[in-house]
Amino acid sequence: MTGSAVSPSPARRLGLFARIYRHRADYLYVLPAIFVMLMVIAYPIYYTIYLSFFNTPPNLALEDKIFVGVDNYSRVLMSDSFHEATWNTLVWTFWSTFFAFVLGFGAAIGLNRVFPGRGLLRGVLLIPYVISAVAASYLWRWIFHSDFGVIGAITVATGLTDRPINFLDNTQYVMASLIVVNVWKEFPFAMIMMLAGLQTVPDQLLRAARVDGAGAWSRFWHITVPHVRSVMLVTVLLLLVTNLNSFTIPYIMTGGGPAGASEIWITHIYQIAFGRIRFGLASAYSVILFIVMMALGYFYVRALTHGDDKAPR
Amino acid sequence: MTRSNDFTSIDRRQLLASGTAAAAIATGFAGTASAQASRTGVDLSTWTPQYIASLAGTAEYDTAAECYRVVPRDYRGRVTYWYSAPTQASPQIEHDMDKAFFEAFAAAYPNITVVKQGLNYNDMLDKLRTTTMGRAAPMVARLPILWGVEFAAKGYLREFGPADVGYAPDEFWPGALKSVMWKGKSYGVPTNNETMALIWNASIFRDAGLNPDAPPATWDDLVQYSKQIKERTGKNGYGMVARVNAGNTPFRFMPQLWAYGGGALDEAEANPDYKRIFINNAGSRAALQASVDMYVRDKSVPTSALTNTQNENQDPFLAGQLAMMIAHPSEYAFMLDRARKATGRDKETAEAVVASMRYGFVPQGPARRAIVFGGSNAHVFAPNVVEGGLDVNAAKALITFMTGPEWSTKMAWVSSNPGNIRGFRTKWMKQRLDEIKFLDVTTSMLPYGIPFPVLPQSAEIMNIIVPNMMQNALTQKMTVQQATDDAARKIKDVLGDL
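Definitions and limits used
Residues numbered from 1 in each chain as written. Chains lettered and ligands numbered in written order. Predicted model: local features only at pLDDT ≥ 70, side-chain atom pairs only at ≥ 80, totals over all residues. Heavy atoms only, no water. Helix = DSSP H or I, 4+ residues; strand = E, 2+ residues; numbered from the N terminus. Rg over C-alpha atoms; globule rule 2.2 N^0.38 Å. Buried < 20%, exposed > 50% of the residue type's maximum accessible area, 1.4 Å probe, protein only. Contact = heavy atoms within 4.5 Å. Buried area = accessible area lost by both parts, 1.4 Å probe. Salt bridge = Lys/Arg side-chain N within 4 Å of Asp/Glu carboxyl O. Polar contact = N/O pair within 3.5 Å; in protein donor to acceptor, adjacent residues only side chain to side chain. Domains from an automatic or database assignment. Pairing = 2+ DSSP bridges. Axes fitted to C-alpha atoms, helices over the stretch in contact; angles between N-to-C directions. Core = buried A, V, L, I, M, F, W, Y, C linked by side-chain atoms within 4.5 Å. Parallel < 35°, antiparallel > 145°, perpendicular 65-115°, else oblique. Left-handed = near helix turned anticlockwise from the far one by under 90°. Nonpolar A, V, L, I, M, F, W, Y, C, P; charged D, E, K, R; others polar. Patch = residues over 30% accessible without salt bridge, like charges linked within 9 Å, V, L, I, M, F, W, Y side chains within 5 Å. Areas by Shrake-Rupley, 256 points an atom, 1.4 Å probe, with all protein chains shown as cover. pLDDT = per-residue confidence, 0-100.

Student: Describe the overall build of chain B, with residues and values.
Tutor: Helix and strand content of chain B: 22 helices and 13 strands. Relative to its length of 498 residues, chain B is compact, with a C-alpha radius of gyration of 22 Å against a globular reference of 23 Å. Taken over the C-alpha atoms alone, chain B extends approximately 65 × 50 × 45 Å along its principal axes. Out of the 498 residues belonging to chain B, those deemed buried represent 64%.

Now the structure itself:
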């Protein structure tokens, strides 16, 4: 093959509409999906943003709402409850994500080895993930119950405490208790994701490293981690998004209490919308949360689309 | 087994001063009580257990004839109806009555189709809010007493009152009629009304050295009883409930607040205008301090009070681990049902508790004896929010049927009382009094009933602001004064929308 002496003239770039027209059959195929997405995703987002500029007190029908500009946003951002809920959300999201990931990754490393009963153990560890969040919340509510909980009964019966430990009706312990439940519920997700990632690490590389004298930590740090880095990133981002959007566990177990100590963004938005019947204010809150989610979504998409390029070859 | 009847002549005077008469004046129904004596044969000024018993079974009514005066028998139509239906936890009799009601209506109006939807109490309000906004509301809904005003204020309800179904206003409790009024117009017909009472376990009282057959006379006594029970038996004294966004909390705390002379607004006063904030007055602070004393100082109430609803107190009570609580008229039937279904040692314990169960008046405070005036109302939704349009006559037929003396008595069999006061004169009322233990006590609390403020913001005030105030004080996040001032500021903010 010989190189061409004359470089080809660049093809004239077609306009957007011309390109759409050229691929009109493709667009026709995806049109129903786009329409559905516009209806169930785009319109609600638009309407939430629209509603966030109105005051909707409980004595007015929605069509009688009052335009207040960005007043709802300033009310949200200036309120003590927002600051409290934001701090709680950060604590909830960070520690839930951290422990779920660490526990899930640890379990994945263990399950990546071949040993008798591995399949059974993998199934058992998945149980928390497949249990309904509502059922799990009620279950743990009774386990942690401040008067008749199982843990309290054991600590009293064994003489460890005089009274049952007050897990849920205590402003100091409630968030930690909820995080324990959340981690129990979602660490299997991290486990499955990381297990899938670990199974892509070439065995030859690990064996070669061992022959070259690399220790377990060195193999893990220099071979395994770089290979699963993109999976780790995606898993952490998904956990962050899931935890930021959490509702069921805090709502059912404590309703955001006591005294707002377990109130996080989503439960607070729900309470503003359906407890206080202020959809405008709740919409402003939702838009703020949406912006945070979009930022995380951006990193998630980037991780998905660029992750492979960064993996060692 | 003793029934507590401390209905003295002084109580009757207080009743007249603070109960029915006050409500009648406040609602613009002055003279209603006396009018009731002439039109319904019921004199609310002598509302005692003995009087209630003497009324029962003294009159018969022809339900079908009353209905046909409003909507003819051969009317052909369709009505969609939402209501809080009996659940698995409900006693069997409620299921039977529910079934019998629809069968009887079908027989009375064979050409009217009822499309009913029984909803869970906790889900119904949110569903209605959503469906009204989406123009998919039912034609008729039976809603708890606090809910209707929000929809009326938004223009989602059709003007509708007792006159639309052929009944006179004085056939209903003044407080109940007040709950369907918004800006001087009526938006519903009361279906049933009830007030709660105090229940206690006489065995625990005895073990604690208290008179097993006498409830605490005052709220201060209740605090002392609770402490004594905890100290002497190790069991929790009073079943406090302080969860946020749960209707059980205000239904149990507001009677205490009102008794000490407090209130969210001025709803307990003779002429409430709902513009005066009482949540941080001396009475409210005293009431909150009493709760703090029980929870923080004496630790004589369940630690789990901050996350509990009333449901979570039922099991400890039935297990003999909780001595007192404010309870619904149906609590005895519920406990009896649960005891029958229990097995082994649980059954023995539960049966012993049911045998030791007593009903009495809720304690009084320095200002008054008070209880939340509860119940339900039937509402007709405005045609523009009803899915498929409104069939007014079918709606009228259904509401006439359910709010008459017969079915307003039968539908409230164990859990409430007839909204139509003529129901107290029926043979079914006599049967209820004969069969349902303690019904006379809970029914006798009715004149002490105070309705929640009839405002669209009531749900936020009662379900969010008041419980939050309690939690702020009980967790010691705030002092009593700070918590009440914080609640007052929030209520003022909420009222700013009016």
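Student: Report on the overall build of chain A, specifying residues and quantitative values.
Tutor: For chain A, the helix and strand inventory stands at 13 helices and 2 strands. The C-alpha radius of gyration of chain A comes to 26 Å, more than 25% above the 20 Å expected for a compact globule of 313 residues. Taken over the C-alpha atoms alone, chain A extends approximately 90 × 70 × 35 Å along its principal axes. Counting across all 313 residues of chain A, residues that qualify as buried make up 41%.

Student: Before we move on, could you go through the environment of Pro329(B) and cite the residues and values that matter?
Tutor: Residue and element names in this part refer to chain B. Within the secondary structure, Pro329 sits in the loop between strand 9 (322-327) and helix 15 (331-341). The spatial distance from the C-alpha of Pro329 to the C-alpha of Val115 is 29 Å, given a sequence separation of 214 residues. Contacts of Pro329, omitting those with residues within four sequence positions, involve Glu194, Thr195, Tyr359, Val414, Ser415 and Thr442.

Student: Can you tell me about the interface of chain B and chain A, naming the residues and giving the values?
Tutor: Taken together, the contact pairs 38 residues of chain B with 38 residues of chain A. Across the chain B/chain A interface, buried area totals approximately 3100 Å², and carbon plus sulfur atoms make up 47% of it. Counting across the chain B and chain A interface gives 6 salt bridges. Glu312(B) is the partner of Arg141(A) in a salt bridge, and the nearest nitrogen-oxygen pair spans 3.4 Å. Run the count over chain B and chain A and you get 18 residue pairs in polar contact (both at pLDDT 80 or more).

Student: I'd like a rundown of the domain arrangement of chain B, residues and numbers included.
Tutor: Residue and element names in this part refer to chain B. Segmentation of chain B into domains returns domain 1 (9-195 + 373-450) and domain 2 (197-369 + 457-495). On a C-alpha basis, the centroid separation for the pair domain 1 and domain 2 is 27 Å. Across the boundary between the two partners, domain 1 contributes 25 residues, which contact 27 residues of domain 2. Approximately 2300 Å² of surface area, both sides summed, lies buried where domain 1 meets domain 2, with 69% of it carried by carbon and sulfur atoms.

Student: Break down the sheet that holds strand 8 (residues 236-238) of chain B for me, citing the residues and quoting the values.
Tutor: Residue and element names in this part refer to chain B. Pairing in this open sheet of 4 strands is mixed, and the strands run 8-9-7-10 from one edge to the other. Because the sheet does not close on itself, it has two edges, and the strands there are strand 8 and strand 10 (357-360). Across the sheet, the axes of successive neighbouring strands diverge by a mean angle of 25°, strand direction being ignored. Pairing of strand 7 (residues 197-201) with strand 9 involves 4 bridges; the strand directions are antiparallel. By the bridge assignment for strand 9, Trp200 is matched with Met324. In the packing of helix 11 (residues 219-233) onto the sheet, contacts are made with strand 7, strand 8 and strand 9, and the angle to strand 8 comes to roughly 170°.

Student: Account for helix 13 (residues 282-297) of chain B, naming residues and giving values.
Tutor: Residue and element names in this part refer to chain B. Looking at helix 13, one finds that the buried residues are Gly283, Ser284, Ala287, Leu288, Ala290, Ser291, Val292, Asp293, Met294, Tyr295 and Val296. Where helix 13 is buried, its residues touch helix 11, strand 8, helix 12 (248-259), helix 21 (458-474) and helix 22 (480-495). Of the residues that open helix 13, the one with a side-chain oxygen 3.0 Å from the backbone nitrogen of Gly283 is Asn281. Backbone geometry just downstream of helix 13 places Lys299 in the positive-phi region, at approximately 50°.

Student: Please set out the nonpolar core residue by residue, giving values where relevant.
Tutor: Among the nonpolar cores identified, the biggest contains 165 residues, and Tyr238(B), Met254(B), Met324(B) and Phe381(B) are the most heavily contacted of them. Ranked by the residues each element gives to this core, the list is headed by helix 13 (residues 279-310) of chain A, at 11 residues. Composition of this core by domain shows at least three residues from each of domain 1 (9-195 + 373-450) and domain 2 (197-369 + 457-495) of chain B.

Student: Report on the packing of helix 8 (residues 174-198) of chain A against helix 10 (residues 216-244) of chain A, specifying residues and quantitative values.
Tutor: Residue and element names in this part refer to chain A. Look at helix 8 against helix 10: their axes get within 9 Å of each other, and the N-to-C directions meet at 150°. Classed by the angle they form, the pair helix 8 and helix 10 counts as roughly antiparallel. Between helix 8 and helix 10 the crossing geometry is right-handed. Facing Asn182, Glu186, Phe189, Ala190, Met193, Met194, Gly197 and Leu198 of helix 8, the residues of helix 10 in contact are Thr224, Val228, Val231, Met232, Val234, Thr235, Leu238, Leu239, Thr242 and Asn243. Classifying every residue of the contact of helix 8 with helix 10 gives 11 nonpolar, 6 polar and 1 charged.

Student: An account of a nonpolar patch on the surface is requested, with residue identities and associated values reported.
Tutor: Residues and elements named next belong to chain A. Taken together, Tyr27, Leu28, Tyr29, Val30, Leu31, Ile34 and Leu38 make up a surface patch of nonpolar side chains, about 740 Å² in accessible area. Along the polypeptide, Leu38 turns up in helix 2 (residues 24-51). Overall, the relative accessible area of 47% leaves Leu38 in the partly exposed class.

Student: Residues and numbers for the pairing of strand 9 of chain B, please.
Tutor: All names here are of chain B. Strand 9 sits mainly inside the fold: 6 of its 6 residues count as buried. Sheet topology places strand 8 next to strand 9; 2 bridges connect them, and they run parallel. Bridging from a neighbouring strand, Tyr238 pairs with Met324 of strand 9.

Student: Go over the side chain of Ser300(B), please, and point to the residues and values.
Tutor: Residue and element names in this part refer to chain B. Mapped onto the fold, Ser300 is located in the loop between helix 13 and helix 14 (310-318). Within the structure, the side chain of Ser300 is placed 2.8 Å from the side chain of Ser226, a separation counted as a polar contact. Setting aside residues no more than four positions away along its own chain, Ser300 makes contact with Ser226, Lys227, Lys230, Asn236, Gly237, Tyr238 and Met294.

Student: Provide a residue-level description of the sheet that holds strand 1 (residues 77-84) of chain B, including the pertinent values.
Tutor: Residues and elements named next belong to chain B. Strand order in this open sheet of 5 strands is 2-1-3-12-6, and the pairing throughout is mixed. The sheet is open, and its two borders are formed by strand 2 (112-119) and strand 6 (189-194), each paired with just one other strand. With direction set aside, neighbouring strand axes in the sheet form an average angle of 15°. This element, helix 6 (residues 92-108), spans strand 1 and strand 2 of the sheet and lies at about 165° to strand 2.

Student: Quick rundown of the confidence of the model for chain A? Include the residues and the values.
Tutor: Residue and element names in this part refer to chain A. Of the residues in chain A, 94% have a pLDDT of 70 or more, and the chain-wide mean is 89. Ranking the elements of chain A by mean pLDDT puts helix 13 last, at 83, and helix 8 first, at 96. Segment residues 1-6 is flagged for pLDDT under 50; beyond a separation of four residues in sequence, or across chains, it makes 0 contacts in the model.

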